[in-house]
Amino acid sequence: MKVLLQRFNIQIGISGVFAGLLAIFILLSPRTFLSPQIYISFASTIPFTALLALGLTFLIIAGEMDLSFPSVMAVSGLTFAELFLATGNAGLAFIAAVAVGSAAGLMNGMLVVRVGVPSIIATIGTQFFWRGLSTLMADGLARNLVPVRDTLLHHLFVGRLTGAIPAQSLWCLGIAGVLGLILNRHAFGESVLCIGDDIRTARVMGIRTGRVRILLFVFMGAVSALVSVMTCLEMANWWPTQGEGYLLLVFASIFIGGTSVFGGEGTVFGTLVGAAIIGIIEAGIISAGFSGFWTRLVHGAIIVASVSVYATIFRDRDTA
């Protein structure tokens, strides 16, 4: 039992934080948080943040960073919108959007791995590039996608099972399960952890570090495109600012979930619970009678506190 507690201390701790926070919100706002409707609402919104956070978790574990994903969402979402409006084929538009997102991720990977630009600098540049390109192509105008609600793709990705359960929540849990197996039970996951822990040692061990890092950037681009399409399907609209609100939420989810900002440590479960914590905070604050302006302050405080706590835990573990 002691060994299990030591091994899963972060997962147990983050689960305790979530349960405690939920209990506080139930006590403060029982009418809201004892109603099933609020949880259906959470299940329709949290998966978007969680999926982005899961993709970025792998990059951060490998010691890399991607700040461009909100802009990749914009350009891949625009690709989906334009192609769907031109052809009426949602499936073809989806494939094109994922291809564009993957290409954007490949561009990031090549800049970082082949050119040697630090990932934080490279993705700041591509963030401005993709946002500017999508705004220019769209002339700053939104795209109305109401007809997409009648397509199979809409029912598949964001439909309501049994009339209540959002399909995106099931996609999120399924993808999280696969990623958890890859990170903990597959050679690729071991390579990611090893690269984040010490890239020089990983090279000596024969791991193709460049290839792995490029694949992670491509995967992040594909996930960004997937979430962008899901958002378009859910809202039946594309807008030039798509993706802009996710940056802070995604990073908060990752670091609250126990992924080390220094790389080499992180869990899929922790990120998933972290996204759930971030997802319920705003509703909890407003339901408790506080102004919504408190939300960003609380998010920022949680990021600073969680990063500090985990940095201390990881340092003590390394020196033990």
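That block above? That's the structure.
Worth saying up front: this structure is predicted, and the values here are computed from it rather than measured.

1. Thoughts on unusual backbone geometry
For Thr162, which is not a glycine, the phi torsion comes out positive at approximately 55 degrees. Relative to the helices and strands, Thr162 is located in the loop between strand S2 (160-161) and strand S3 (165-166). Take Thr162: its relative accessible area is 75%, and that puts it in the exposed class.

2. Here we look at the nonpolar core
Of all hydrophobic cores here, the largest spans 83 residues; its most connected members are Leu56 and Phe80. With 14 residues, helix H4 (residues 36-61) is the single largest residue contributor to this core. In this view, Phe80 contacts Ala90, Ala93, Phe94, Ala97, Leu145, Val148, Leu153, Val229, Cys232 and Leu233; residues no more than four positions away in its chain are not counted.

3. Quick word on the state of the cysteines
For the structure shown, the criterion picks out 0 disulfides. The cysteine Cys172 is free of any disulfide, with Cys232 supplying the nearest cysteine sulfur at 18 Å.

4. A word on H4
Its 26 residues place the ends of H4 35 Å apart at the C-alpha level, agreeing with the 38 Å of an ideal helix rising 1.5 Å per residue. Within H4, the axis deviates most sharply at Ile46, by approximately 35 degrees, and proline Pro47 lies no more than four positions further along. For H4, a buried count of 19 out of 26 residues is recorded, marking the element as mostly surrounded by other parts of the structure. The first or second residue beyond H4 is Gly63, which carries a positive phi of 85 degrees.

5. Details of the pattern of salt bridges
The final tally for this structure, using the stated rule, is 4 salt bridges. In this structure, Arg131 engages Glu244 in a salt bridge whose closest nitrogen and oxygen atoms are separated by 3.9 Å. Within this pair, whereas Arg131 is found in helix H7 (residues 119-138), its partner Glu244 is found in the loop between strand S4 (237-238) and helix H13 (246-256), the two being separated by 113 residues in sequence.

6. Quick notes on helix H2 (residues 9-28)
Note on helix geometry: an α-helix contains 3.6 residues per turn, so any two residues three or four positions apart are oriented the same way. Taking 1.5 Å of rise per residue, the 20 residues of H2 would be expected to cover 28 Å, and the 28 Å separating its terminal C-alpha atoms lies within 8% of that figure. The set of residues buried in H2 consists of Ile10, Gln11, Ile14, Leu21, Leu22 and Phe25. Buried residues of H2, seen end-on, are gathered within an arc of 105 degrees and therefore sit on one face of the element.

What counts, and where the lines are drawn
Residues numbered from 1 in each chain as written. Predicted model: local features only at pLDDT ≥ 70, side-chain atom pairs only at ≥ 80, totals over all residues. Heavy atoms only, no water. Helix = DSSP H or I, 4+ residues; strand = E, 2+ residues; numbered from the N terminus. Buried < 20%, exposed > 50% of the residue type's maximum accessible area, 1.4 Å probe, protein only. Core = buried A, V, L, I, M, F, W, Y, C linked by side-chain atoms within 4.5 Å. Contact = heavy atoms within 4.5 Å. Disulfide = S-S within 2.5 Å. Expected span 1.5 Å × (residues − 1). Bend = angle between axes of the 7 residues up to and from the residue. Salt bridge = Lys/Arg side-chain N within 4 Å of Asp/Glu carboxyl O. Arc of directions from axis to C-beta.

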